[in-house]
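Examining the three-dimensional arrangement
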Amino acid sequence: DAVGAQLMALRPDSLRITLMHSEQKEATYNLGKGAGLQGPAGIPTERFFTGDEVIGLVPFLLQENSRRGYNIFITPFSASVWYILLDDILPAKIAELAQLRLTPQLLIESSPQRFQGLFMLPKALATKDEANALFRLINARHGDPKISGLTHPFRAVGFRNMKPKYQKPNGHFPFAGMVWGGKPMPDGMVPLLEEAKALVRVIAPKERRTRKVLIIS
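Below or above, wherever it landed, is the structure these notes cover.

What counts, and where the lines are drawn
Positions within a chain are numbered from 1, following the residues in the order the chain's sequence is written. Only residues with pLDDT of at least 70 are given local features in this predicted model, and only at 80 or more are side-chain atom pairs given and counted; all residues enter the totals for whole chains, interfaces and linings. To obtain the side-chain values, all non-hydrogen atoms of the structure were used and water was disregarded. Counting from the N terminus, the helices are DSSP H or I runs at least four residues long and the strands are E runs at least two residues long. Each residue's exposure class comes from its accessible area (1.4 Å probe, protein chains only) as a fraction of the maximum for that residue type: buried when under 20%, exposed when over 50%, partly exposed otherwise. One requirement defines pairing of two strands: DSSP has to find at least two bridges between them. Residues are treated as being in contact if the distance between any of their heavy atoms lies within 4.5 Å. Angles shown run from 0 to 180 degrees and are taken between the N-to-C directions of axes, each axis being a line fitted to C-alpha atoms and, for helices, limited to the stretch in contact.

In this section: unusual backbone geometry. Notably, Arg11 is not glycine yet its phi reads approximately 50 degrees, a positive angle. Here the phi dihedral of Arg101 falls at roughly 60 degrees; this positive angle occurs in a residue that is not glycine. Tracing the sequence through the fold places Arg101 in the loop between α4 (91–99) and β5 (106–111).

Okay, structure coming up:
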């Protein structure tokens, strides 16, 4: 099971599920929004899902994906790790990352010849600000320099990428697939994290919330 394998590699405490329509014919929606417990103002909070619940939702998600054209994204949450997404990785970059000892712990082919990588950084090693600086730093150098937001959705595997530009002559769309998962945190993350921490130390807290920490070399 593709989704089960992805969740096994991520080991999240909970997940957010987001459905985005490629042609914007339908509104993007968060499956758990307004489906949680009642909040202080009497408004239902967001509901997050366990891994088992996500697996149980696969038939419904497959229907939304294949019949209604929605792309399926997940956002994992954990009390013990920060999930660092490296987005829009080109094939040649994968070998370069290996040489730099920065091989992602989980690699997804999100679209033909385009990849998303995930690193699981123990929270004991970094604050949220430091993890966010690392996220921006690694994407500036090796992925999507325009990406923002440490808590970022990425593709759930086993579902089709419904962007029109990827439609095949036979009318089918390609699946997002997991290339690998379960790798250890790469050694190259340690010096990069130290660099990110140094950036955080020189930026005032108020500026840190508004400025992009991007150093490209």
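Turning our attention to the pairing of strand β3 (residues 70–77). Of all eight residues in β3, seven are buried, a share of seventy percent or more. Bridge count between strand β1 (residues 14–21) and β3: eight bridges; the pairing is antiparallel. The residue of β3 that forms the bridge with Met20 is Asn71. The sheet contact formed by β3 and strand β7 (residues 154–155) spans two bridges and is antiparallel. By the bridge assignment, Ile74 is partnered in β7 with Phe154.

Strand order in the open sheet formed by four strands is β2-β1-β3-β7, with antiparallel pairing between adjacent strands. The two strands at the open ends of the sheet, each matched to only one other strand, are β2 (29–30) and β7. As paired strands, β1 and β2 are joined by two bridges and run antiparallel to one another. In the strand pairing of β2, Thr18 is matched with Asn30. Across the sheet, helix α3 (residues 58–66) lies against β1, β2 and β3, angled at about 135 degrees from β3, the strand it touches most.

Here we take up the pairing of β5. The buried count for β5 comes to five of six residues, which makes it a mostly enclosed element. Summarising the sheet, β5 and strand β6 (residues 114–122) pair through five bridges and their orientation is antiparallel. Bridging from a neighbouring strand, Glu109 pairs with Phe115 of β6. Two successive antiparallel strands, β5 and β6, enclose a turn made up of two residues, where Gln113 displays a positive phi of approximately 65 degrees.

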